[in-house]
Amino acid sequence: MKPTRVTLEHLGLGAVGAVLLGFLALPLIALFVTLSLAEFHAGLTNPLVTPALELSLVTTTATVAIVTLFGTPLAWKLANAQGRTARVIEVFFQLPVVVPPSVAGVALLLAFGRRGLFSGWLYPNETTVSFTTVAVVMAEVFVSAPFYLQPAVSAFRRLDPGVILVARSLGALPSRVFFSIAVPLAAPGLIAGAAMAWARALGEFGATLMFAGNLEGRTQTLPLAIYTALELDLRAAQSLSVVLVAVAFTLLSATRYFLRLFVTKNDIQ
Amino acid sequence: MGWVKVFGCARWVVLCYVAVSVSVGCARARNSSRGGGDGRRENTLTVFAAASLRGVFTALKPTFTHAHPGVTVTFNFAGTQTLRAQVEHGAAVDLFASADWRHMRALMAGGKVAEPIVFARNEPVMVVSREAASTVRSLADLATAQRVVLGVPEVPIGAYSLEIFARARSTLGEDFSARVEARVVSRELNVRQVLAKVSLGEAQAGIVYRTDALTARDRVTVVPIAPEVNVVAEYPAAVSRSARSPGLARAWVALLLSPTGRQALTTAGFSLPRAP
């Protein structure tokens, strides 16, 4: 049987895509398959793991809460703004993605550190945020906010302007439009963005190390624990990384599953 | 479907070409390493050196190339742990200069390097931020300092710090280690981060190598640690067993041990090896 042109093109596109898929998947697969069960078990029972995992979950949850709480109104404003200022701001909040994380950490120190730009005003009584869990959250918010803002602005832009217009003409106040119409309709995009921001916060390393330091139970998140373990034993670091990847995979796929339910339900209505 | 055949054919041609060129390359490499003694000229030197040696080694490079015209010297500076991993994974290296014996011994045990020679020593010192210079003036004051930063125990400087506290127990009290531990706000992953935290004033005091402390003399106060409690890090250098230029590698070690080399090392804050 002679393959049709359509089948061939499907195969061709699939093959091209498979190159990148393979490139991304192979290192992750290697991370898992080169680790024996005994080594993985030893990694799990490593005393660094539990406090670091707890701290990572607490700080990333706080980060996502802060980013969505402040980021959603900002994204809504930016999506509706017409002027040049809004475009400039939009470019501006993408910059943290470009800045190397350890430089971001230095920048945070220069702004909010003990000798930072605002130290006299922020810390009149000598207590500073550096080396505290608050500093971990600040570092994570700084690096992860762009990953929420960009999808959130796009999600708001995709809304049907007619719906908003009708609501306003029926007398709904801007806050009512925002909370009862815009946010629920854009929710799938917002949730996807929040998941990306969460994933970025979970993997955050450089800015945290620079701004918050590395102390078990207080500022040592999972990536910092992995780096600490790497100094001693490659296998221990590897098994901690497997834990990190597994946690991320579980939470990200749970989000996907939830999103699919949500979208199908909305379509039926 | 002629192109499928053409592709299949091309694949075999490529595979054969790769196989032949690899085997030829291997044979060449074998010949050249064998030819070391019969007048083959060594014209490149690749040195893997601990990050703390950057200043001294780059400063000595002109002297070396002056004495060996036509020779290209290439450096790879990184943490000793990283360098060791690179050498273990087959990186092409002639000379390995380590900041401690642990990684050197591991590479010797693996048959990667041989003939280690200690060429320098580096001693831990306290660095104190400007604001705390009047209150933190000795090792004993670490127990009352507000924010102390150390290296993690997994990196050499962190292990040395703990050893110093343990040795100071007899003079500063059995609980000295515990009292300092209570003041620790962060355990950094390398010496430069300890120094950064103190020079930015985030921490009041930390323990780093003298060579690192000297690079930040304008921002921190250096407080020496008494020799009876201090530990000294030895820096050994060893020639790679698969070196393409073992002669040049030995010449570099000789330069380090020469008056010029010793001068450069002491200027950077290193101390000289004990007389054998």
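Residues numbered from 1 in each chain as written. Chains lettered and ligands numbered in written order. Predicted model: local features only at pLDDT ≥ 70, side-chain atom pairs only at ≥ 80, totals over all residues. Heavy atoms only, no water.

**Remarks on the overall build of chain B**
Line of reasoning, step 1. A count of helices and strands for chain B gives 11 helices and 10 strands.
Line of reasoning, step 2. Put simply, chain B has 276 residues, and 45% of those count as buried.
Line of reasoning, step 3. Considering only residue pairs separated by 6 or more positions, chain B has 76% of its internal contacts joining residues 24 or more positions apart.
Line of reasoning, step 4. Summed over all atoms, the accessible surface of chain B reaches about 13500 Å², with 58% contributed by carbon and sulfur. (Helix = DSSP H or I, 4+ residues; strand = E, 2+ residues; numbered from the N terminus. Buried < 20%, exposed > 50% of the residue type's maximum accessible area, 1.4 Å probe, protein only. Contact = heavy atoms within 4.5 Å. Areas by Shrake-Rupley, 256 points an atom, 1.4 Å probe, with all protein chains shown as cover.)

**Side note on the interface of chain A and chain B**
Line of reasoning, step 1. Contacts between the two partners involve 19 residues from chain A and, on the opposite side, 26 residues from chain B.
Line of reasoning, step 2. Across the chain A/chain B interface, buried area totals approximately 2100 Å², and carbon plus sulfur atoms make up 57% of it.
Line of reasoning, step 3. Sorting the residues of chain A by area buried against chain B places Arg115, Phe131 and Glu231 of chain A first, and these three jointly supply 37% of that buried surface.
Line of reasoning, step 4. In this structure, Glu131 of chain B engages Arg115 of chain A in a salt bridge whose closest nitrogen and oxygen atoms are separated by 2.8 Å.
Line of reasoning, step 5. Taken together, the links from chain A to chain B amount to nine residue pairs in polar contact (both at pLDDT 80 or more).
Line of reasoning, step 6. Of all the secondary structure elements, the ones that give two or more residues to the side of chain A that touches chain B are helix H11 (206-212) and helix H12 (222-230) of chain A.
Line of reasoning, step 7. Tallying contributions element by element places H12 of chain A first for the side of chain A that touches chain B, with three residues. (Buried area = accessible area lost by both parts, 1.4 Å probe. Salt bridge = Lys/Arg side-chain N within 4 Å of Asp/Glu carboxyl O. Polar contact = N/O pair within 3.5 Å; in protein donor to acceptor, adjacent residues only side chain to side chain.)

**Re the sheet that holds strand E2 (residues 72-78) of chain B**
Residue and element names in this part refer to chain B.
Line of reasoning, step 1. Across the sheet, which stays open at both edges, the five strands sit in the order E2-E1-E3-E10-E4 with mixed pairing between neighbours. Each end of this open sheet is capped by a strand with a single partner; those strands are E2 and strand E4 (113-122). Neighbour-to-neighbour, the strand axes of the sheet open up by a mean angle of 20°, direction not taken into account.
Line of reasoning, step 2. Looking at chain direction, strand E1 (residues 44-50) and strand E3 (residues 95-97) are connected through three bridges and run parallel. Bridge pairing in E3 places Phe48 opposite Phe96.
Line of reasoning, step 3. In this fold helix H3 (residues 80-88) packs onto E1, E2 and E3, with an angle of close to 135° to the strand it touches most, E1.
Line of reasoning, step 4. The strands that helix H10 (residues 246-257) touches are E1, E2, E3, E4 and strand E10 (233-240); relative to E4, the one it contacts most, it runs at about 20°. (Pairing = 2+ DSSP bridges. Axes fitted to C-alpha atoms, helices over the stretch in contact; angles between N-to-C directions.)

**As for the sheet that holds strand E5 (residues 124-129) of chain B**
Residues and elements named next belong to chain B.
Line of reasoning, step 1. The strand order E7-E6-E8-E5-E9 describes an open sheet built from five strands, whose pairing is mixed. In this open sheet, the two strands that pair with only one neighbour each are strand E7 (184-188) and strand E9 (220-223). Pairs of neighbouring strands in the sheet enclose a mean axial angle of 30°, with direction left out of account.
Line of reasoning, step 2. Running over the sheet, helix H5 (residues 156-167) touches E5, strand E6 (148-151) and strand E8 (205-209) and is turned about 115° from E8.
Line of reasoning, step 3. Its contacts with the sheet put helix H8 (residues 191-199) on E5, E6, E7, E8 and E9, and the angle it makes with E8 is roughly 145°.

**Focus on the confidence of the model for chain B**
All names here are of chain B.
Line of reasoning, step 1. In this model, chain B carries an average pLDDT of 86, and 85% of its residues clear a pLDDT of 70 or more.
Line of reasoning, step 2. Contacts for the low-pLDDT stretch residues 1-9, under 50 throughout, to residues beyond four places or in other chains number zero contacts.
Line of reasoning, step 3. Under a pLDDT of 50 for its full length, residues 22-38 has, in the predicted model, three contacts with residues more than four places off or in other chains.
Line of reasoning, step 4. The complex prediction reports pTM at 0.78, with the ipTM value standing at 0.75. (pLDDT = per-residue confidence, 0-100.)

**Quick notes on the side chain of Ser245 of chain B**
Line of reasoning, step 1. Following the sequence through the fold, Ser245 of chain B ends up in the loop between E10 and H10.
Line of reasoning, step 2. Not counting the four nearest positions on each side in its chain, Ser245 of chain B is found in contact with Glu42, Asn43, Thr44 and Asp94 of chain B.

**Regarding the nonpolar core**
Line of reasoning, step 1. If you look at the biggest cluster of nonpolar residues, it comprises 77 residues, and the most contacted ones within it are Leu53, Phe57, Phe119, Met126, Leu139, Leu142 and Trp252 of chain B.
Line of reasoning, step 2. Ignoring sequence-local partners within four residues, the contact set of Phe119 of chain B consists of Leu53, Phe57, Ala97, Tyr235, Pro236, Ala237, Leu256, Leu257, Leu265 and Pro273 of chain B.
Line of reasoning, step 3. If you look at the next biggest cluster of nonpolar residues, it comprises 43 residues, including Val64, Val67, Phe178 and Ala237 of chain A. (Core = buried A, V, L, I, M, F, W, Y, C linked by side-chain atoms within 4.5 Å.)

**A short note on the packing of aromatic side chains**
By convention here, two paired aromatic rings are described through the distance between centres and the angle between planes.
Residue and element names in this part refer to chain B.
Line of reasoning, step 1. Enumeration according to the criterion identifies 16 aromatic pairs over all chains in this entry.
Line of reasoning, step 2. Taking the centre distance of 6.4 Å and the plane angle of 80° together, the rings of Phe119 and Tyr235 count as edge-to-face. Placement of Phe119 in strand E4 and of Tyr235 in strand E10 is noted, with a sequence separation of 116 residues between them.
Line of reasoning, step 3. When its relative accessible area of 0% is taken as the criterion, Tyr235 is described as buried. (Phe/Tyr/Trp six-rings, centres within 6.5 Å; stacked < 30°, edge-to-face > 60°.)

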